[in-house]
Amino acid sequence: MQRIIIPSFISLFTVLLAPILVPAVYITKRLKQSRITHEVSHRDCSNCGNHLGIDSATRAAEQFKNMVQEFKSKYPSMRINFGRPFAAICTHCDCHYDYDPVEKTIVPKPALA
Ligand SMILES: [Zn+2]
């Protein structure tokens, strides 16, 4: 009897919380992206002084997209969900930045090899 109750309770718990959790995750993700966009559009590069702007965030997104496509072409049967490694890449000097959720700002980060 107990074997039946526990999975049923977990399923019921998941079904009841899904309408709350799914929008909460979506909203949290959108808020983080909004903070990154705000930071990037109001910051200058710490390496060269060039204004980062939306172009640097777009460049980071394109690099991530290319990285995912390259990974999928190498390992087509593997399914991995990994996060975006950079929030911005300076369009002038290629300095990479990542979002620090504790400080709520972007910080320089070494480029991937
Ligand atoms: Zn720069």
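Residues numbered from 1 in each chain as written. Predicted model: local features only at pLDDT ≥ 70, side-chain atom pairs only at ≥ 80, totals over all residues.

Q: Which residues make up the overall build of the protein, and what values go with them?
A: Counting its regular elements, the protein contains two helices and three strands. Start at the N end of the protein and walk to the C end: the helices and strands fall as α-α-β-β-β. Projected onto its principal axes, the C-alpha positions of the protein cover 65 × 35 × 20 Å. Looking at the protein as a whole, 16% of its 113 residues are labelled buried. (Helix = DSSP H or I, 4+ residues; strand = E, 2+ residues; numbered from the N terminus. Buried ≥ 20, exposed ≤ 12 C-beta atoms within 10 Å, placed from the backbone.)

Q: How would you summarise the environment of Asn81 if you had to cite specific residues and measurements?
A: Along the polypeptide, Asn81 turns up in the loop between helix H2 (53-74) and strand E1 (88-89). Of the residues examined, Asn81 has 5 C-beta atoms within 10 Å and is grouped as exposed. Placed 13 residues apart in sequence, Asn81 and Val68 show a C-alpha to C-alpha distance of 9.5 Å.

Q: Help me get a handle on the pairing of strand E2 (residues 96-100), residues and values and all.
A: As paired strands, E1 and E2 are joined by two bridges and run antiparallel to one another. In the sheet register, Ile89 faces E2, and the bridge partner there is His96. Where E1 folds back onto E2 in an antiparallel hairpin, the turn is made up of six residues, including Asp94, whose phi is positive at roughly 65 degrees. In the sheet, E2 pairs with strand E3 (residues 105-109) via five bridges, with the strands oriented antiparallel. Paired with Tyr99 across the strands is Ile106, a residue of E3. Where E2 folds back on E3, the antiparallel hairpin that results is connected by four residues, among which Lys104 adopts a positive phi of roughly 55 degrees. (Pairing = 2+ DSSP bridges.)

Q: Lay out the nonpolar core with the relevant residues and their values.
A: Core analysis: the largest hydrophobic core is formed by 15 residues, its most contacted members being Val40, Ala87, Ala88 and Ile106. Only helix H1 (2-41), H2, E1 and E2 provide two or more residues apiece to this core. If we skip the residues at most four places from it in the chain, Ala87 touches Ile36, Val40, Ala57, Ala60, Tyr97, Asp98, Tyr99 and Ile106. (Core = buried A, V, L, I, M, F, W, Y, C linked by C-beta atoms within 7 Å. Contact = placed C-beta atoms within 7 Å.)

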